Amino acid sequence: MHRRWLFADQLGPHFLARPDQPVLLVESTRVLARRRFHRQKAHLVLSALRHRARELGERCDHRVGATYREIVADYGEALEVPAPTSRPARRLVTGLPAVTVVPTPFTATSYEEFAAWADGRPAAGAGAGAGAGAARGRRLLMEDFYRWQRHRHGVLMDGAEPAGGQWNYDHDNREPPPRDRRRLGLPEPWCPVESDVDAEVRDHLDRLERDGHARFRGVDGPRRFAATRDEALRALDSFVRDRLAAFGPHEDAMLAADPTMAHSALSAPLNLGLLHPLEVTRAAEDAYRRGDAPIASVEGFVRQVLGWREYVWGVYWWAGEDYARRNALAARIPLPDWFADLDAAAVGAACLSDVLAGVRDRGWVHHIPRLMVLGNWALQRGYDPQALTDFFHESFVDGYAWVMAPNVVGMSQYADGGLVATKPYAAGGAYIHRMSDYCGDCRYQPTKRLGADACPFTAGYWAFLDRNAEALRLNPRLRRPLAGLARLSDRAAVAAAERHRGDTPP
């Protein structure tokens, strides 16, 4: 049996062919020198790798070197490696002698399975939006994929029918936050106790930064996310027991004093390979079958894991090498320093300041602040989508190339011209006001688009439509917004004011 080389996102037991298989784990110092990762992301990944090496004991050969290639190319024995999760890593392993690439158990959907599903989708129609509308002329509706996933894996199914009698409970899962309290009042997510491995990692990262071999964004802090299989299972059990039942109604809402709300915070251990998506969804389904969680909350969570996460994985591989470089709206503005540096103190807009602070302090905020605050702001301003993808990849503890390309280029920035999203996710201050508690104490008024107290998201929304009206005119979902734009008496003034704002923090 060959020794199995595992990357730092392949750390669960399901990545081994047998429990006693010998393992190679490699730390590449050049990875940290090449990108400006969040300090807590770098800590989590190294902590997880080193904890796994300790767990495996004598069966593990743990090497440290500048690059993977310099360690593996002359390793001296045959190796096998589960297919890595990024294109550059796959190119590396397929070009190394004496390395055999084996199928990966990272997801519940292989590349071949997703490709077969995607290639069978109907052709994209005219008017999909800016650009060609979809890769290879196909429309990949996530809802279709999600239902296919549930059918073939038998998740939340009663025979041939969906559990509860319907596929989709989005209508029940889009409630604004409660207006009578600042928190949902749920138990906090399970949090690990740091070990001596974490102390070693912290000292190591301190030295790298002090000696100029790495530069981080964000701040250091206690490790908040699971770095071992045992910790990941405890985090999963805690979520299912304490927060799953409340997950659905407010999954799209934001509360400044409650950053986690009812979210699972399991994306980091999932993306480290410590949990498998099917075991996570089965745990949620079991809670529903026991009567411990309502169908709407469980379906909403299963949709995120078995639907959206697997869909994003498939799109990353299926859409082609150039997908991450797409820029259908010709957005070219570089990320301003205050944004890239997570300088929350420079920002007066309450929502944007708080979300930047959350990323700075935790390396994590849930999906709505990512999409409807950070992504929405970047879309309105015309930030370069590739630079924004790199920012998300580096700044979030759960960020990887396969995660962030479809989420940013597709869902957030509409840079793929409509493959992932049917319309750009741009919204004004009214949306943020309805779905959060940020606006009450903010210096800006969500109903105003001109003047010193005009909401920069409201003004930015109309300026975005003004700038991209021609590119988006064939999109059927934007007919009413574009008609509203045409009726604005102050359209030119709003557009001019937002151009004058430039890259200054709001």
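Please refer to the structure higher up on the page.
Now for a look at the structure at hand. Just so we're clear, the structure is a prediction, and the values are computed from it rather than from any experiment.

### Side note on the overall build of the chain
Okay, so step 1: When you go through the chain residue by residue, the secondary structure sums to 20 helices and seven strands.
Okay, so step 2: On C-alpha atoms alone, the chain measures out to a radius of gyration of 23 Å, which is about the 23 Å that the 2.2 N^0.38 rule sets for 506 residues.
Okay, so step 3: Here the C-alpha coordinates of the chain stretch approximately 75 × 60 × 45 Å along the principal axes.
Okay, so step 4: Per-residue burial for the chain yields a buried fraction of 59% across its 506 residues.
Okay, so step 5: Taking all contacts inside the chain whose residues are at least 6 apart in sequence as the whole, residues at least 24 apart take part in 75%.
Okay, so step 6: As presented, the chain carries roughly 20,500 Å² of accessible surface, and 50% of it is formed by carbon and sulfur atoms.

### Some words on the pairing of strand E4 (residues 79-82)
Okay, so step 1: The two faces of E4 match: Leu-79 and Val-81 on one face and Glu-80 and Pro-82 on the other face are all buried.
Okay, so step 2: Where strand E1 (residues 3-6) meets E4, two bridges bridge the pair, whose relative direction is parallel. The residue bridging Arg-3 from the neighbouring strand is Leu-79, located in E4.
Okay, so step 3: Note: E4 against strand E5 (residues 99-102), four bridges, orientation parallel. Looking at E5, one finds that Leu-79 is bridged to Val-99.
Okay, so step 4: Each parallel crossover has a hand, and the one from E4 via helix H4 (residues 87-94) to E5 is right-handed.

### As for the packing of aromatic side chains
Okay, so step 1: Enumeration over the complete set of coordinates arrives at 29 aromatic pairs.
Okay, so step 2: Plain terms: the ring middles of Phe-106 and Trp-313 are 5.4 Å apart, the flat faces sit at 40 degrees to each other, and that makes the pair tilted. Linking Phe-106 in the loop between E5 and helix H5 (111-119) with Trp-313 in helix H11 (residues 295-318), this pair joins segments that are 207 residues apart in sequence.
Okay, so step 3: Judged by relative accessible area, which is 1%, Phe-106 ranks as buried.
Okay, so step 4: The class for Trp-313 is buried, based on a relative accessible area of 2%.
Okay, so step 5: When the ring centre of Trp-148 is taken as reference, the NZ or CZ atom of Arg-152 above it lies at 4.3 Å.
Okay, so step 6: Across the ring face of Trp-377, the terminal group of Arg-381 is positioned such that the distance to the ring centre comes to 4.0 Å.

### Focus on the environment of Ala-483
Okay, so step 1: By the element assignment, Ala-483 lies in helix H19 (residues 479-487).
Okay, so step 2: What makes Ala-483 partly exposed here is its relative accessible area of 30%.
Okay, so step 3: Considering only alpha carbons, one finds Ala-483 and Arg-473, 10 residues apart in sequence, at a separation of 9.9 Å.

### Some details on the packing of H5 against H11
Okay, so step 1: In the contact formed by H5 and H11, the axes pass within 9 Å of each other and the chain directions differ by 85 degrees. Between H5 and H11, the angle is such that the two are roughly perpendicular. On the side of H5, the interface is formed by Tyr-111, Phe-114, Ala-115, Ala-118 and Asp-119, while H11 contributes Tyr-311, Gly-314, Val-315, Trp-317 and Trp-318.

### Here's the deal with the pairing of E1
Okay, so step 1: Here E1 shows two buried faces, one formed by Arg-3 and Trp-5 and the other by Arg-4 and Leu-6.
Okay, so step 2: Across three bridges, E1 lies against strand E2 (residues 23-28) in parallel orientation. Looking at the pairing, Leu-6 lines up with Leu-25 of E2.

### Section: the packing of H5 against helix H6 (residues 142-153)
Okay, so step 1: Remark: H5 packs on H6, axes separated minimally by 11 Å, with the N-to-C direction vectors making an angle of 125 degrees. As judged from the angle between their axes, H5 and H6 are oblique. Once H5 is placed against H6, the crossing between them reads as right-handed. Note on element contacts: H6 touches H5 through Asp-144, Phe-145, Trp-148 and Arg-152, opposite Glu-113, Phe-114 and Trp-117.
Okay, so step 2: When the residues that make up the contact of H5 with H6 are grouped by side-chain class, the tally is four nonpolar, no polar and three charged.

### Describing H4
Okay, so step 1: Those residues of H4 lying buried are Arg-87, Ala-89, Leu-92 and Val-93.
Okay, so step 2: Close packing links the buried residues of H4 with E1, helix H3 (68-72), E4, E5 and H11.

### Thoughts on the pattern of salt bridges
Okay, so step 1: This structure, assessed with the given rule, holds 44 salt bridges.
Okay, so step 2: In this structure, Arg-381 and Glu-498 form a salt bridge, with 2.6 Å as the shortest nitrogen-oxygen distance. Residue Arg-381 is located in helix H14 (residues 367-381), and its partner Glu-498 is located in helix H20 (residues 491-501); the two are separated by 117 residues in the primary sequence. Across the pair, Glu-498 and Arg-381 agree in class, each one buried.
Okay, so step 3: Measuring nitrogen to oxygen at the nearest pair gives 2.6 Å for the salt bridge that ties Arg-491 to Asp-466. With Arg-491 in helix H20 and Asp-466 in helix H18 (residues 456-472), the pair connects residues that are 25 residues apart, well separated along the chain.
Okay, so step 4: Residue Arg-491 is classed as partly exposed on the basis of its relative accessible area, which comes to 28%.
Okay, so step 5: Among the charged side chains, a network of salt bridges with common partners joins Arg-39, Glu-194, Arg-202, Asp-206, Glu-209 and Asp-220.

Procedures and definitions
Residues numbered from 1 in each chain as written. Predicted model: local features only at pLDDT ≥ 70, side-chain atom pairs only at ≥ 80, totals over all residues. Heavy atoms only, no water. Helix = DSSP H or I, 4+ residues; strand = E, 2+ residues; numbered from the N terminus. Rg over C-alpha atoms; globule rule 2.2 N^0.38 Å. Buried < 20%, exposed > 50% of the residue type's maximum accessible area, 1.4 Å probe, protein only. Contact = heavy atoms within 4.5 Å. Areas by Shrake-Rupley, 256 points an atom, 1.4 Å probe, with all protein chains shown as cover. Pairing = 2+ DSSP bridges. Right-handed = clockwise from strand over helix to strand, strands pointing away. Phe/Tyr/Trp six-rings, centres within 6.5 Å; stacked < 30°, edge-to-face > 60°. Lys NZ or Arg CZ within 6 Å of the ring centre and 35° of its normal. Axes fitted to C-alpha atoms, helices over the stretch in contact; angles between N-to-C directions. Parallel < 35°, antiparallel > 145°, perpendicular 65-115°, else oblique. Left-handed = near helix turned anticlockwise from the far one by under 90°. Nonpolar A, V, L, I, M, F, W, Y, C, P; charged D, E, K, R; others polar. Salt bridge = Lys/Arg side-chain N within 4 Å of Asp/Glu carboxyl O.

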